[in-house]
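Coordinates in review
Residue-level listing of the chains:
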Amino acid sequence: MSAFSIIVAADQASGIGLNGGLPWRLRKDMAFFAKVTSTVPATTTTTTTDSSSDIQRVNACIMGRRTWESIPAKFRPLVNRFNIIVSRDPHYLDDKPEKNNPMVALATSFQSALELAETYQRPRPATASTSPSGSAILIERVFLIGGGQLYAEGVQSTACQHIFLTRIHTTVECDAFFPAIKESDYTLLPSKDAHSFLQNYVQDSIEEGTIMEGAYQYEYTVYSRI
Ligand code: FOL
């Protein structure tokens with residue numbers, strides 16, 4: 001099963017959604033989301049199986065069906081990312097325009113979404129490979145991007161390495177929530193460590209400290225599995 005990280009924006013009461021969408025519109029946080037989920041790690045070594053320019057290295061975003069439907073049609077599928085939609089309905093995509101999009105896939109459970117992602121990852125040494133050998137896509141990092149139901153499952157998984165939580169310093173009306181983060185499972189990085197970690201992770205500068213946007217104040221935090 002693939003290691004993965006969670007990315008989420010939540011208010012002080014762990015609220016994440018309202019009426020099938022985000023309760024806020026935070027332009028800079030959305031740019032942060034796109035940066036974190038799109039950035040693929042720099043290539044360090046060259047191999048005969050992935051050096052060629054016909055293989056696209058991308059990250060995967062796993063999301064629940066409701067989260068998929070919440071993304072504005074013009075931003076869907078998330079560009080330059082492999083989109084895995086989780087729905088118990090195996091025919092969910094049958095009548096959708098994304099049905100034959102090579103960057104979109106359906107999984108009927110979170111576990112099978114992780115397994116699907118793994119089949120597109122670089123084969124690990126001494127591991128039997130079931131990768132589609134002819135695939136033009138190589139998945140690097142795997143993100144769980146929501147929503148509440150899948151986050152509840154994801155935080156419990158020992159395969160969850162990091163939680164990138166944009167903490168919004170207010171409480172607004174919400175009907176979807178992020179689960180409690182157990183202190184016995186994750187450690188909240190001190191703010192300076194979180195900032196360094198994020199800049200290294202995306203190989204770019206990230207705004208530090210409290211960000212103000214309209215009526216909102218928020219900060220980028222990082223939890224790391226113990
Ligand atoms: N994590 C964080 N930090 N903030 C979020 O708003 C967030 N949202 C989701 C998951 N994790 C998050 C789920 N909801 C788009 C819309 C909703 C959404 C996730 C992504 C979306 O349209 N993304 C575009 C950017 C569009 C823009 O630039 O305005 C993308 O390309 O990522």
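Residues numbered from 1 in each chain as written. Predicted model: local features only at pLDDT ≥ 70, side-chain atom pairs only at ≥ 80, totals over all residues. Heavy atoms only, no water.

We now examine the overall build of the protein. The secondary structure content of the protein amounts to 5 helices and 11 strands. The globule rule puts the C-alpha radius of gyration for 226 residues at 17 Å, and the 17 Å found for the protein is close to it. Expressed as lengths along the three principal axes of its C-alpha atoms, the size of the protein is roughly 50 × 40 × 35 Å. Taking all 226 residues of the protein together, the buried fraction comes to 43%. In the protein, once contacts between residues fewer than 6 apart in sequence are set aside, the share between residues at least 24 apart is 67%. (Helix = DSSP H or I, 4+ residues; strand = E, 2+ residues; numbered from the N terminus. Rg over C-alpha atoms; globule rule 2.2 N^0.38 Å. Buried < 20%, exposed > 50% of the residue type's maximum accessible area, 1.4 Å probe, protein only. Contact = heavy atoms within 4.5 Å.)

Each neighbour pair has its own omega, and for R76 with P77 the value is -10°, a cis peptide bond. Relative to the assigned elements, P77 resides in the loop between helix 2 (65-70) and strand 4 (81-86). Residues G146 and G147 are joined by a peptide bond in cis, for which omega reads 0°. Positionally, G147 belongs in the loop between strand 6 (137-144) and helix 4 (148-154). Although it is not a glycine, N80 adopts a positive phi angle of roughly 65°. Examined against the element boundaries, N80 turns out to sit in the loop between helix 2 and strand 4. Exposure remark for N80: the relative accessible area of 46% places this residue in the partly exposed category.

Attention now goes to the pairing of strand 1 (residues 4-10). In terms of burial, strand 1 is largely enclosed, as 7 of its 7 residues are buried. With burial as the criterion, each face of strand 1 is covered, one bearing F4, I6, V8 and A10 and the other bearing S5, I7 and A9. As defined by bridge partners, strand 1 adjoins strand 7 (residues 160-168) across 7 bridges and the pair is classed as parallel. From the neighbouring strand, S5 faces strand 7, where its bridge partner is H162. (Pairing = 2+ DSSP bridges.)

We now examine the pattern of salt bridges. On inspection of all chains with the given rule, the structure shows 7 salt bridges. Look at the salt bridges and you will find they share partners, linking R57, R122 and E140 into a network. (Salt bridge = Lys/Arg side-chain N within 4 Å of Asp/Glu carboxyl O.)

Before going further, it helps to examine the packing of aromatic side chains. For the coordinates displayed, the defined rule picks out 10 aromatic pairs. Measuring from ring centre to ring centre gives 3.8 Å for F32 and Y220, while their planes differ by 10°; the resulting arrangement is stacked. In this pair, F32 is assigned in helix 1 (residues 27-38) and Y220 in strand 11 (residues 216-225), connecting sequence segments 188 residues apart. In this structure, F32 and Y220 share a single accessibility class: buried. Taken together, a centroid distance of 5.6 Å and an interplanar angle of 20° make the contact between F197 and Y201 stacked. Of this pair, F197 and Y201 both sit in helix 5 (residues 191-202), 4 residues apart, roughly one helical turn. Three or more aromatic residues link up through ring pairs in this structure, and these residues are F143, F164, F197 and Y201. In this structure, K96 packs its charged tip against the face of Y92, placed 4.2 Å from the ring centre. Looking at R141, its charged tip hangs above the ring of Y201, at a distance of 3.6 Å from the centre. (Phe/Tyr/Trp six-rings, centres within 6.5 Å; stacked < 30°, edge-to-face > 60°. Lys NZ or Arg CZ within 6 Å of the ring centre and 35° of its normal.)

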